[in-house]
Amino acid sequence: MLGKGVLNVLVILILSYFIIKFGKQVIQNIFKRRRKGPFKITQRRELTLVKLLENTLTYMVYFTAAIMILDTISIDVRTLLAGAGIAGLAIGFGAQNLVKDIITGFFIIFEDQFSVGDYIQTSSSEGFVEEIGLRTTKIKHWTGKLHIIPNGSIVEVTNYSVHNSIAVVDVSIAYEGDIKRAETVIENLLEELPQRYQELKGTPDLLGVQSLGSSDVVLRVIAETEPMEHWAIARAIRKELKTRLDEQGIEIPFPRLVMYSRQEEHEIMETTS
Amino acid sequence: MLGKGVLNVLVILILSYFIIKFGKQVIQNIFKRRRKGPFKITQRRELTLVKLLENTLTYMVYFTAAIMILDTISIDVRTLLAGAGIAGLAIGFGAQNLVKDIITGFFIIFEDQFSVGDYIQTSSSEGFVEEIGLRTTKIKHWTGKLHIIPNGSIVEVTNYSVHNSIAVVDVSIAYEGDIKRAETVIENLLEELPQRYQELKGTPDLLGVQSLGSSDVVLRVIAETEPMEHWAIARAIRKELKTRLDEQGIEIPFPRLVMYSRQEEHEIMETTS
Amino acid sequence: MLGKGVLNVLVILILSYFIIKFGKQVIQNIFKRRRKGPFKITQRRELTLVKLLENTLTYMVYFTAAIMILDTISIDVRTLLAGAGIAGLAIGFGAQNLVKDIITGFFIIFEDQFSVGDYIQTSSSEGFVEEIGLRTTKIKHWTGKLHIIPNGSIVEVTNYSVHNSIAVVDVSIAYEGDIKRAETVIENLLEELPQRYQELKGTPDLLGVQSLGSSDVVLRVIAETEPMEHWAIARAIRKELKTRLDEQGIEIPFPRLVMYSRQEEHEIMETTS
Amino acid sequence: MLGKGVLNVLVILILSYFIIKFGKQVIQNIFKRRRKGPFKITQRRELTLVKLLENTLTYMVYFTAAIMILDTISIDVRTLLAGAGIAGLAIGFGAQNLVKDIITGFFIIFEDQFSVGDYIQTSSSEGFVEEIGLRTTKIKHWTGKLHIIPNGSIVEVTNYSVHNSIAVVDVSIAYEGDIKRAETVIENLLEELPQRYQELKGTPDLLGVQSLGSSDVVLRVIAETEPMEHWAIARAIRKELKTRLDEQGIEIPFPRLVMYSRQEEHEIMETTS
Amino acid sequence: MLGKGVLNVLVILILSYFIIKFGKQVIQNIFKRRRKGPFKITQRRELTLVKLLENTLTYMVYFTAAIMILDTISIDVRTLLAGAGIAGLAIGFGAQNLVKDIITGFFIIFEDQFSVGDYIQTSSSEGFVEEIGLRTTKIKHWTGKLHIIPNGSIVEVTNYSVHNSIAVVDVSIAYEGDIKRAETVIENLLEELPQRYQELKGTPDLLGVQSLGSSDVVLRVIAETEPMEHWAIARAIRKELKTRLDEQGIEIPFPRLVMYSRQEEHEIMETTS
Amino acid sequence: MLGKGVLNVLVILILSYFIIKFGKQVIQNIFKRRRKGPFKITQRRELTLVKLLENTLTYMVYFTAAIMILDTISIDVRTLLAGAGIAGLAIGFGAQNLVKDIITGFFIIFEDQFSVGDYIQTSSSEGFVEEIGLRTTKIKHWTGKLHIIPNGSIVEVTNYSVHNSIAVVDVSIAYEGDIKRAETVIENLLEELPQRYQELKGTPDLLGVQSLGSSDVVLRVIAETEPMEHWAIARAIRKELKTRLDEQGIEIPFPRLVMYSRQEEHEIMETTS
Amino acid sequence: MLGKGVLNVLVILILSYFIIKFGKQVIQNIFKRRRKGPFKITQRRELTLVKLLENTLTYMVYFTAAIMILDTISIDVRTLLAGAGIAGLAIGFGAQNLVKDIITGFFIIFEDQFSVGDYIQTSSSEGFVEEIGLRTTKIKHWTGKLHIIPNGSIVEVTNYSVHNSIAVVDVSIAYEGDIKRAETVIENLLEELPQRYQELKGTPDLLGVQSLGSSDVVLRVIAETEPMEHWAIARAIRKELKTRLDEQGIEIPFPRLVMYSRQEEHEIMETTS
């Protein structure tokens with residue numbers, strides 16, 4: 001009887017495997033045909049829809065198979081169902097995360113919050129989206145780490161790939177220096193940059209005095225770039241600024257300290273010696 | 001049978017698509033007509049109402065379609081409903097976030113907490129509102145990042161675009177300096193500013209001695225500006241203050257340290273050498 | 001049929017609008033009359049009561065309207081109610097925050113925890129109360145930001161406007177200085193202050209040596225002021241103290257350091273050179 | 001009908017008002033009489049009991065009134081109750097904080113955890129208790145802020161007014177100094193203190209070397225005082241210690257640093273110049 | 001009718017008072033007799049059992065009284081029970097903390113996790129246990145503060161009074177010093193200590209080089225002491241170590257810094273002057 | 001009767017033991033045969049499937065045995081079930097973590113999130129996966145610690161073993177130095193590295209100026225390596241860079257400070273002496 | 001009747017006491033006999049099984065006794081059960097932690113996550129396991145503190161006693177020093193260590209340049225040791241390294257600073273004097 005049960009389980013598993021394989025081909029064929037038809041949707045949306053249908057198919061087949069397998073090895077199921085009140089409560093609560101994952105996953109795909117290739121940031125991870133599923137999303141960090149995140153824990157998403165990025169560079173000028181001359185030098189440099197860097201959208205801006213620090217006056221430069229090019233552009237602007245300010249003899253100051261040297265009073269010295 | 005099911009699903013999807021498209025036009029026509037009628041509401045409110053109705057329409061159509069699709073592929077639905085007690089509990093719990101999102105979204109639109117174009121801050125993100133939906137809100141950070149936030153996780157909102165903003169500038173004066181003279185110089189400067197900067201609402205205020213730091217006396221200047229102009233104005237005031245204090249020879253002090261040089265006692269030196 | 005539904009919805013909305021408008025006037029008339037009658041309650045309480053009744057009216061009318069609208073577009077409602085077990089659970093859970101907001105809001109108004117114009121602090125925001133509603137409270141920060149807080153997330157409130165405020169000023173005295181003389185100078189100054197500043201309630205107190213820091217002896221001065229005047233008074237006292245201590249030649253010390261210059265031992269120097 | 005409803009509501013409100021007023025007098029009369037009777041309980045407990053009964057009365061009358069008012073404006077109530085399953089769940093969950101507040105409030109009063117005038121500390125606030133209610137407790141901070149805390153969020157309470165307080169003063173001695181002599185000087189001073197300060201309970205203790213810091217040896221002094229007098233006594237001891245150590249020529253050391261001056265090696269200097 | 005209700009309430013309260021008073025005496029008598037009988041349990045356990053029974057009695061009598069009082073003032077109870085579905089849910093949820101407190105309290109007493117007089121630490125408080133109840137535990141901090149903690153929030157307890165304590169003293173040695181000689185000096189000292197301090201259990205251990213700091217080599221000494229004597233012993237060892245190292249001329253080093261003095265290059269100086 | 005019960009329990013335990021032992025062999029035999037058959041799946045997946053089936057078998061047998069044992073000692077079970085309503089609720093809630101663990105565990109194995117030998121990171125632990133079970137996962141940290149984590153608390157997983165790793169090395173250059181020359185020297189070095197280190201994938205990149213620090217210009221180098229080789233490669237690159245920069249006389253700068261020596265003014269000196 | 005109840009309670013308590021005492025002996029006898037029988041399991045597992053059975057017995061007897069005692073004092077139980085709906089909910093929720101503790105405790109024992117004597121770390125405590133129970137685990141910290149942790153709050157466990165430990169020692173070398181020579185000296189030392197320290201497993205490794213600090217080059221040494229010997233071995237390696245580097249004249253550097261002395265410009269000096 002156990003042997004027969006195991007056989008049944010295997011038959012169910014193999015059938016499920018072929019149904020999924022066949023179903024996926026049907027889904028892809030439908031979309032291939034439709035592409036020649038009158039309805040036109042962007043290819044990115046289509047990929048999302050195919051993935052959504054495939055995902056739904058897979059989960060449904062496996063869910064049906066799981067029920068059928070549990071049905072096959074009937075002794076255990078009956079014992080399990082004997083305590084259904086308690087078990088039901090426990091399973092209902094335990095499974096709520098699974099339901100939350102699928103609901104959130106559905107809305108991520110449906111509302112097109114992000115797509116494969118976008119650079120996104122969640123509360124605890126960031127990187128390029130490698131795969132979006134109904135239950136989990138895979139994000140590849142630039143250091144090669146692969147984050148696997150259940151969709152239900154993606155509450156707030158930040159998408160870097162929708163709008164142009166802004167590179168922000170802060171540069172310090174000495175308090176003794178001439179701010180106006182420094183501003184002129186920097187602005188002249190910024191106007192030359194768009195020719196040299198294609199990723200720049202328009203001339204970078206010198207915003208002005210960002211803060212009066214304890215040892216330096218901080219000037220802020222911002223530059224609009226193509227999405228996700230702000231890191232590279234910020235590095236380039238830093239180098240250009242450093243080189244230009246050196247050429248023009250404008251100092252980037254080190255930390256400063258004013259020191260008063262004092263002689264210790266005598267009555268205290270005597271007690272310690 | 002599977003083929004027929006897939007066909008039905010497609011028919012439902014296409015119908016939904018046209019109902020939404022048509023419904024949205026009807027909503028917009030009604031509002032166009034009404035605009036000439038006797039009822040007068042501000043345009044901003046009207047945009048909100050249109051969006052609210054459109055949103056409601058879309059979600060309802062898709063919800064109906066989803067129920068109908070599940071109904072079409074009836075085998076799976078029945079299996080799913082067989083374990084309805086447990087599944088119902090799990091789905092009920094898992095879906096509570098979805099309900100919370102929509103309830104909160106409704107109140108955001110209904111109570112006009114913020115509208116498209118406002119600069120808002122939530123617990124974890126800030127930026128200009130790009131889109132308000134029933135379920136999610138999109139906020140664009142000034143660096144180009146796009147935050148997509150489910151409404152249910154917008155608990156406390158801070159709206160920067162309702163009232164005038166206040167620019168706050170702290171400036172350090174040396175302990176050895178003359179506070180009264182510094183105050184006079186700064187107040188003279190502040191009175192000149194409203195002519196030069198349109199965004200200023202009235203003359204900025206010199207509040208007084210904000211703190212007695214370890215190396216400097218900190219004076220605080222505040223200036224009322226048009227909404228969201230406080231960053232630009234603060235930068236401008238910082239530059240003006242630095243230039244004016246330089247001209248008047250009032251020092252912005254570096255960190256200070258009083259150093260006592262002492263000779264080490266002999267009995268200790270001997271053990272170490 | 002859809003057209004008729006939309007018409008019904010509009011009729012319901014317009015009716016609601018007029019009921020609310022009319023109801024509010026009735027409420028205000030009742031209170032105007034009562035004011036001449038025998039019952040006397042403070043005006044602040046009355047404003048609260050009017051607001052409470054208006055708020056209750058608005059929410060009830062809109063709630064009735066919402067049920068009626070859902071009833072009108074009956075197809076969707078039926079589909080929605082078909083899955084009532086699950087949906088009910090989800091809605092019940094999702095709506096608990098709404099209920100919590102209204103219950104807390106009711107108690108804020110009913111127990112008079114704070115009123116419009118008070119300066120309050122919640123766990124994450126602070127500012128002057130601009131508006132108290134049944135569901136949300138609006139607080140205006142002094143920098144112009146408007147915090148919109150659902151009442152349910154106002155757990156602990158701190159109200160600054162009920163009692164007199166205390167301004168706290170810490171001033172550093174050098175270790176080498178004479179504490180008793182510094183105390184006498186400060187106490188003489190404090191006695192002169194009540195004449196010059198109306199917001200002061202009585203003479204400020206010099207509490208004594210608050211801490212023996214690494215470079216300075218810290219003396220603490222506190223002054224009772226009218227509610228919310230402590231920031232301005234603290235700034236004024238800081239300036240007065242700094243000026244008076246300068247006049248009396250009592251030093252506010254900079255950070256200190258005792259430095260021992262040592263020659264490096266030879267055996268180590270050789271390995272590095 | 002709406003007019004009649006509003007009238008009914010007003011009648012209910014006025015009746016409630018008089019029932020509460022009358023009920024409170026009855027409660028106080030009972031306690032006045034009982035005071036001459038044979039049962040003796042402390043007056044503090046009696047105040048607590050009166051407050052508890054009054055509070056219970058008020059909440060019960062208002063609760064009954066609320067039910068009756070909802071009953072009067074019957075249309076809305078019926079609509080509300082139509083969706084009772086869902087609404088009940090939402091209200092049940094939303095109201096659990098209210099129930100928790102009252103249960104905790106009852107135990108605070110019943111177990112006499114703190115009483116009006118005590119200085120207490122909760123997880124986020126501290127100050128003198130101004131009022132204890134069934135639902136909220138009001139605490140006045142020494143700077144004049146009034147904390148209003150729902151009892152349910154008072155999980156752990158720290159009461160400073162039950163036992164004597166301990167003032168803790170740490171004083172630094174130089175490494176080069178003579179610890180034994182410093183200990184003798186401090187102990188002599190501590191023995192003189194009880195005469196001068198009534199709030200002291202017995203002679204303060206010099207515990208010993210609390211830590212071997214990077215620049216100083218820290219000695220700790222503790223003094224038992226009457227409840228809440230430890231801040232004032234600590235300030236007094238700090239001043240006494242500073243004055244006595246100065247008189248005896250025992251140094252309170254500044255931060256120290258041993259500096260090795262080194263000439264830079266030549267091969268490196270050349271590349272930078 | 002209200003008057004009669006109040007009378008009933010008073011009768012119930014007085015009866016409860018006497019039942020508790022009498023019941024406590026009965027419990028204590030039973031235990032007094034049993035003490036002469038054949039069963040022998042430690043006195044600490046007995047105190048715990050008496051307290052447990054008394055506590056149970058008190059809570060049960062009060063609970064019965066509360067139900068009876070609610071029954072007496074029957075109008076309110078009926079109104080309350082009319083909305084029993086909702087109210088029951090709210091009360092059930094709101095009261096779960098109370099149940100959790102009592103369950104945890106039962107296990108604290110039953111499993112003898114700590115007893116009166118022990119020094120314990122919970123997640124947020126520490127001190128000597130003053131009283132253990134079924135619902136709350138009172139802990140007295142050494143500074144005189146009294147923590148009142150509901151048992152349900154005592155998740156993890158740390159008990160300091162079960163095992164011997166370990167005093168840990170870290171002492172710094174100069175990098176230029178001779179570690180082996182320092183170790184010998186310290187070990188000689190440690191061997192002398194057990195005679196002088198009764199609280200020590202065996203000779204303290206010199207563990208070795210705990211860390212190679214930026215300015216010093218840190219050696220760690222540990223000493224087993226009687227429970228809760230580690231603070232006093234650590235202070236004593238610190239003083240002994242400091243005195244002995246001074247006598248033996250082994251330096252406890254100050255922070256060190258190697259300073260390279262450099263002349264600024266000329267081209268930069270010119271632009272700033 | 002108790003004796004018989006204990007006997008029954010032992011029989012059940014022994015039977016369970018043999019069923020599991022036999023069942024595991026059957027599972028492994030099936031997979032051994034299948035391996036010669038037509039279906040081909042990767043061996044890693046097969047191991048996962050065997051483990052999944054074995055795990056399921058073990059838990060089901062033990063669960064059945066537990067129910068049977070509880071049934072045998074029937075007195076206790078009946079008492080337990082008498083309070084089934086309450087007990088069921090408590091057990092249902094208490095067991096939800098167990099259910100969550102198994103559901104998450106199933107998806108970890110089913111979706112192949114990580115496999116034995118991978119280096120993964122969860123929210124609180126990281127290390128090489130030693131064992132994946134249905135309920136817990138064991139991770140071995142490189143310091144030898146073994147983390148045992150219930151699967152339900154593995155929310156987000158980061159897998160380091162899927163993609164190539166990136167080694168990141170930041171190196172500081174003096175402000176006075178020549179950035180272009182430093183870049184050339186570093187780039188020449190980077191081109192030599194792939195020959196010397198097999199783990200490198202292609203030539204490392206010099207990204208550019210990562211930040212303008214207070215004392216140094218920071219250049220960033222990144223290198224793609226085989227999975228998990230980035231730590232070793234980063235160490236190697238650091239050493240190579242240090243050696244090459246030394247040879248080429250390019251300084252890695254120490255922290256810098258500009259010091260202004262000032263004489264104290266006289267009026268202040270006099271009051272302190 | 002009350003007297004009789006108390007008597008019954010005592011009889012029940014005494015009976016429970018003897019049943020537990022007798023039951024434990026039966027359990028231990030069974031295991032003693034079995035040890036001579038054919039089944040062989042490790043002794044550690046056996047201890048665990050005995051403890052598990054004893055624990056189960058104790059809790060079941062006490063649970064039965066509790067139900068019987070409640071049954072005896074029947075008045076209170078009936079009152080309690082009168083409000084069963086609400087009370088049941090409260091108890092069910094309040095008791096879920098108890099259930100969670102026992103479930104987790106069962107799995108800790110069943111899966112052999114750790115055993116008595118192991119050094120483990122939970123989220124908030126670490127130490128040697130002193131006792132594992134069904135509900136709580138006792139951990140002894142090396143300073144003598146005894147942590148009592150409910151099993152339900154042991155989510156992730158880290159077990160240090162399963163695998164060999166790794167001692168990690170970081171040592172700083174001066175930038176001016178010769179890295180290759182330092183590496184040779186350290187490697188020579190490491191090869192000598194296995195003879196001197198039995199706890200070492202193989203020769204320690206010099207990993208290489210762990211970081212390029214601001215004042216020093218940090219080299220990392222790791223050494224595999226027997227479980228929990230890494231602290232002692234790390235201390236030993238630190239001492240050996242310090243001594244050897246001293247002998248070889250390789251400097252462990254102090255923090256460094258490059259100082260530029262600058263004369264203040266005159267125009268600023270004049271305004272301050």
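An unreviewed UniProt entry lists chain A under the name Mechanosensitive ion channel family protein, from Pontibacillus chungwhensis. One UniProt comment on chain A, placed under Subcellular location (unreviewed entry), says "Cell membrane". Here is the UniProt Sequence similarities (unreviewed entry) comment for chain A, exactly as written: "Belongs to the MscS (TC 1.A.23) family."

Participant: Can you walk me through the UniProt feature "domain: Mechanosensitive ion channel MscS C-terminal" (unreviewed entry) in chain A in this structure?
Facilitator: Sequence positions flagged by UniProt for "domain: Mechanosensitive ion channel MscS C-terminal" (unreviewed entry) are, in local numbering, residues 168-252 of chain A. Spanning residues 168-252 of chain A, this segment combines 42% helix with 29% strand, and its end C-alpha atoms are found 18 Å apart.

Participant: Hey, could you run me through the pairing of strand S7 (residues 205-212) of chain G in this one?
Facilitator: When a strand is regular, its side chains alternate between the sheet's two faces. Residues and elements named next belong to chain G. Here 6 bridges tie S7 to strand S8 (residues 216-225), and the two strands are oriented antiparallel to one another. Note that in S8 the partner of Leu-212 across the bridge is Val-217. In this antiparallel pair of consecutive strands, S7 and S8, the connection spans 3 residues.

Participant: Hey, could you run me through the packing of aromatic side chains in this one?
Facilitator: The description of an aromatic ring pair uses the distance of the two centres, along with the angle that the planes make with each other. Going through the model one piece at a time under the given rule, you end up with 49 aromatic pairs over all chains. Plain terms: the ring middles of B:Phe106 and B:Phe107 are 5.6 Å apart, the flat faces sit at 80 degrees to each other, and that makes the pair edge-to-face. The exposure class of B:Phe106 is partly exposed, given its relative accessible area of 33%. B:Phe107 sits in the buried class, given a relative accessible area of 8%. Where B:Phe254 meets F:Tyr260, the ring centres are 5.4 Å apart and the plane angle is 20 degrees; that geometry is what we call stacked. Here the residue B:Phe254 occupies a position in the loop between helix H7 (230-247) and strand S9 (256-262), and F:Tyr260 occupies one in strand S9 (residues 256-262), the pair thus bridging two chains.

Participant: Looking at this structure, how should I read the nonpolar core?
Facilitator: Ranked by internal contacts, the top residues of the largest apolar core, which has 211 residues, are A:Ile186, B:Ile186, C:Ile186, D:Ile186, E:Ile186, F:Ile186 and G:Ile186. In this structure, C:Ile186 is in contact with C:Val171, C:Leu206, C:Leu219, C:Val221, C:Leu241 and C:Leu245, ignoring residues within four places of it in sequence. Grouped together as the second largest cluster of nonpolar side chains are 14 residues, B:Leu257, B:Met259, D:Leu257 and G:Met259 included.

Participant: Explain the interface of chain G and chain E here, please?
Facilitator: Quoted interface sizes are often the accessible area lost when the parts come together. Each partner contributes to the interface: chain G provides 57 residues, whereas chain E provides 59 residues. Carbon and sulfur atoms make up 66% of the surface buried where chain G meets chain E, a total of about 5400 Å² over both sides. Of all residues in chain G, G:Ile148, G:Arg235 and G:Phe254 give up the largest surface area on contact with chain E, accounting jointly for 12% of the area buried on that side. For the salt bridge of G:Lys239 with E:Glu183, the shortest nitrogen-to-oxygen distance reads 2.7 Å. Counting across the interface, chain G meets chain E through 18 residue pairs in polar contact (both at pLDDT 80 or more). Take the side of chain G that touches chain E: its biggest share by element is 7 residues, from strand S9 (residues 256-262) of chain G. Grouping the amino acids of the side of chain G that touches chain E by side-chain chemistry returns 29 nonpolar, 14 polar and 14 charged.

Participant: Help me understand the packing of helix H6 (residues 179-196) of chain D against helix H7 (residues 230-247) of chain D in this model?
Facilitator: Packed helices, taken two at a time, are described by their axes: the angle between them and the distance between them. Residue and element names in this part refer to chain D. Relative to each other, H6 and H7 sit at 135 degrees, their axes nearing to 11 Å. By the angle class used here, H6 and H7 are oblique. Note on packing geometry: the crossing formed by H6 with H7 is right-handed. Contacts between H6 and H7 involve Val-185, Ile-186, Leu-189, Glu-192, Leu-193 and Arg-196 from the first element and Ile-237, Glu-240, Leu-241, Arg-244 and Leu-245 from the second. Counted by class, the contact of H6 with H7 contains 7 nonpolar, no polar and 4 charged residues.

Cut-offs applied
- Residues numbered from 1 in each chain as written.
- Chains lettered and ligands numbered in written order.
- Predicted model: local features only at pLDDT ≥ 70, side-chain atom pairs only at ≥ 80, totals over all residues.
- Heavy atoms only, no water.
- UniProt positions renumbered as here; feature names shortened; annotations may be inferred.
- Helix = DSSP H or I, 4+ residues; strand = E, 2+ residues; numbered from the N terminus.
- Pairing = 2+ DSSP bridges.
- Phe/Tyr/Trp six-rings, centres within 6.5 Å; stacked < 30°, edge-to-face > 60°.
- Buried < 20%, exposed > 50% of the residue type's maximum accessible area, 1.4 Å probe, protein only.
- Core = buried A, V, L, I, M, F, W, Y, C linked by side-chain atoms within 4.5 Å.
- Contact = heavy atoms within 4.5 Å.
- Buried area = accessible area lost by both parts, 1.4 Å probe.
- Salt bridge = Lys/Arg side-chain N within 4 Å of Asp/Glu carboxyl O.
- Polar contact = N/O pair within 3.5 Å; in protein donor to acceptor, adjacent residues only side chain to side chain.
- Nonpolar A, V, L, I, M, F, W, Y, C, P; charged D, E, K, R; others polar.
- Axes fitted to C-alpha atoms, helices over the stretch in contact; angles between N-to-C directions.
- Parallel < 35°, antiparallel > 145°, perpendicular 65-115°, else oblique.
- Left-handed = near helix turned anticlockwise from the far one by under 90°.

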